[in-house]
Amino acid sequence: MKNIEELEKIKGDAYEYYNSNAEELELFNKVFLADKIVDEIKQPSKYFIIGEKGSGKTAYSVYFAKKNIDGIESKIKFVQNTVYDKFIRMKKNKSLDMSSYKDAWMNVIYLVLSEEIKTLISPKIFQKVSLKKLNRVIDNFYSNAFSPEFVSAIEFVENSNNSINAMIDGGIFKSTGQLGVNVSEKYTESNYQLSLTKLLDGFKKVFSEIHLDKKFILFIDGIDARPSDISHEDYMECLRGLVNAVIDLNNSDLKNKGIKVALLIRPDIIYSMSIHNMNQKLKDNSVLINWNTNYDKYRNSKLFEIADNFFSKQQSLTRPKGVTWDYYFPYTVSGIDRGVEEAPFIEFLRYSLYKPRDILTMLNDLVDKNTGKSFSRDNFLEIIRSDYSRYLLGELKDYMLIYMKDEEFNIFQKFIKSFKTQRFTYSTFEKNYDLFVEKQKRYGEEIPMKMKTPEDTLQLLYDTNIIGYEESSVGKVFWSYKERNYSNVKPEINIHASQFKFHKAYARAFKVGF
């Protein structure tokens, strides 16, 4: 077995592997677990990839893009911060409404798709279809410098009148009947919504003629965190338009062309979308990434397999599952029940939110901080008290900043730190909440909108997995990340539960009860 200092660490952000070379990608491919989720993503009807930040959404998209699964070509496109700025600017200048957001996104995605799929069409066919004309239009519009990214594509959509004229000049719109003007005249439309619709007609015409030699998936990523300079309202408006665009695109002619647009999205975000028949869409059109397991069956879990792969795939010899893990973690841990010894991986689970990034972050920190043949429990506790706690608070901030400003998040943190014990009843929670609100008002500080009532605040703590609740009659602790399923994307907390408790990792990070 290799010594600890000889082991490689895996990148914390899977997207970094998207542009990596073969050597850097090797460890990712070895550690990545190609499970039934891969088969689900391959299905044309599954176009929402739903999972918490760090659950592996991006890793699956990178795996598809790099491995060419079943001959499916894939690309990943990030929604950069400047994309929101451009949509907000269009809203101010063009009076975008909700329908306009959707049409703007559809045009942007069509433009990016048109550039990415042209290599998947045989040269003989390409010469005959309108995509070749559109390709010339794009080259002329961008002076042969178009980069198929959303931030570049928005320029074409923002200047829709000019773009429509370019399509007329390029021969995509042929007759006066299509636009109501002679091709010798310049098209002008003061109603931005109408010009977006007409631009969309041009893209649909081009794509109606397309026949690909293989299937293609465009993964859209990067919407897990709100840019700090974009308001919650603007952010959600933009995403609502994107979600509706993804639904419309995948239920249009694209599905008959072997083209799918897949959106990587957090469960709380998609839950907040006011979309017709959303519950049915979640069941029929989503892949929900879930890594749940039981302590007594952890050796058969996907999370354990990933953790074992982290070590076993870096060795020169192949060994049965678990053997390499046991070599590096040759100790036991005192269990919750007195006199019962537990395997070390169970402690990893107790400090995680059952996400691959949590486990891999712990392993990276352990490798980074230690040398020798194996790890001890003291090594594990040391990283939990330091690096892992900082990581967890950073992930929490990214999650919460969709809903709160920095100063509001600081108030939220202060409220959590006001607790003295890790377990509490609802009446104790209410008293603590009232005292905190009274203190905030005394110092002239506002309570964040998501914390306006004790019930709202308790649900927020549950949504973020900071707390769980116990029901004495059932004899178990309920956690949001464990209760989530296709029919219950955002589980509700039971305010009548016998008691509530802080998650072990958050209690440590916020020093509650320590």
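Residues numbered from 1 in each chain as written. Predicted model: local features only at pLDDT ≥ 70, side-chain atom pairs only at ≥ 80, totals over all residues. Heavy atoms only, no water.

Asker: So what exactly am I meant to see when it comes to the overall build of the protein chain here?
Answerer: When you go through the protein chain residue by residue, the secondary structure sums to 25 helices and eleven strands. Over its C-alpha atoms the protein chain spans a radius of gyration of 26 Å, differing by no more than 12% from the 24 Å that the globule rule assigns to 514 residues. Here the protein chain holds 514 residues, and 55% of them are scored as buried. Taking the contacts inside the protein chain whose residues are at least 6 apart along the sequence as the reference set, 73% of them involve residues at least 24 apart. For the protein chain, the accessible surface area stands at approximately 22,700 Å², while carbon and sulfur atoms represent 45% of it. (Helix = DSSP H or I, 4+ residues; strand = E, 2+ residues; numbered from the N terminus. Rg over C-alpha atoms; globule rule 2.2 N^0.38 Å. Buried < 20%, exposed > 50% of the residue type's maximum accessible area, 1.4 Å probe, protein only. Contact = heavy atoms within 4.5 Å. Areas by Shrake-Rupley, 256 points an atom, 1.4 Å probe, with all protein chains shown as cover.)

Asker: So what exactly am I meant to see when it comes to the layout of surface pockets here?
Answerer: Over the atoms, a rolling probe the size of a water molecule traces out where space has been left empty. The calculated volume of the largest pocket comes to roughly 770 Å³. Along the walls of the largest pocket sit 30 residues, with Tyr 295, Ile 336, Arg 350, Trp 479 and Lys 501 positioned nearest its centre. Listed by contribution, the elements that provide at least two residues to the lining of the largest pocket are strand 6 (333–334), helix 17 (344–350), strand 9 (467–471), strand 10 (476–478), helix 24 (480–483) and strand 11 (499–502). Looking at the lining of the largest pocket, its residues break down into nine nonpolar, nine polar and twelve charged. Here the second largest pocket is characterised by a volume of approximately 570 Å³. For the second largest pocket, the lining is made up of 32 residues, of which Gly 12, Asp 13, Ala 14, Thr 58 and Arg 357 are closest to its centre. Listed by contribution, the elements that provide at least two residues to the lining of the second largest pocket are helix 1 (22–31), helix 3 (57–67) and helix 18 (356–369). At five residues, helix 18 tops the list of elements feeding residues into the lining of the second largest pocket. The residue inventory of the lining of the second largest pocket, partitioned by class, reads 16 nonpolar, eight polar and eight charged. (1 Å grid on protein atoms, 1.4 Å probe; cavity = no way out; pocket = protein on both sides within 12 Å on 5 of 7 lines; lining within 4 Å. Points joined across faces, edges and corners; volume = space filled by probe spheres on them. Nonpolar A, V, L, I, M, F, W, Y, C, P; charged D, E, K, R; others polar.)

Asker: Explain the sheet that holds strand 9 to me, please; I cannot follow it from the model alone.
Answerer: Within a sheet, each strand pairs with its neighbour through backbone hydrogen bonds, oriented either parallel or antiparallel. The four strands are arranged 8-11-9-10 in an open sheet whose pairing can be described as antiparallel. Each edge of the sheet is formed by a strand with only one pairing partner; in this case those strands are strand 8 (423–424) and strand 10. (Pairing = 2+ DSSP bridges.)

Asker: Honestly, the packing of aromatic side chains in this entry has me stumped. Any pointers?
Answerer: In this description, a pair of aromatic rings is defined by centroid distance and the angle of the planes. Applying the stated criterion across every chain yields a total of 58 aromatic pairs. Residues Tyr 84 and Tyr 235 carry aromatic rings whose centres are separated by 5.5 Å and whose planes lie at 40° to one another, so their mutual orientation is tilted. Of the two residues, Tyr 84 is situated in helix 4 (residues 81–94) and Tyr 235 in helix 12 (residues 232–250); the sequence distance between them amounts to 151 residues. Assigned by exposure class, Tyr 84 and Tyr 235 land together as buried. The positively charged end of Lys 11 is found above the aromatic ring belonging to Tyr 17, 5.7 Å away from the centroid. The ring of Tyr 403 has Lys 450 sitting right over it, with the charged end atom 4.4 Å from the ring centre. (Phe/Tyr/Trp six-rings, centres within 6.5 Å; stacked < 30°, edge-to-face > 60°. Lys NZ or Arg CZ within 6 Å of the ring centre and 35° of its normal.)

Asker: Just checking my understanding: could you explain the pairing of strand 3 (residues 216–221) for this structure?
Answerer: The two faces of a sheet get side chains in turn, since along a regular strand they alternate between them. Within strand 3, six of the six residues are buried, which leaves it mostly tucked inside the rest of the structure. Of the two faces of strand 3, the one carrying Phe 216, Leu 218 and Ile 220 and the one carrying Ile 217, Phe 219 and Asp 221 are both buried. With six bridges joining them, strand 2 (residues 73–78) and strand 3 adopt parallel strand pairing. By the bridge assignment, Lys 77 is partnered in strand 3 with Ile 220. Here five bridges tie strand 3 to strand 4 (residues 259–265), and the two strands are oriented parallel to one another. Note on strand 4: the bridge partner recorded for Phe 219 is Ala 262. For the crossover from strand 3 across helix 12 to strand 4, the handedness is right-handed. (Right-handed = clockwise from strand over helix to strand, strands pointing away.)

Nothing here speaks to function; it is all geometry.
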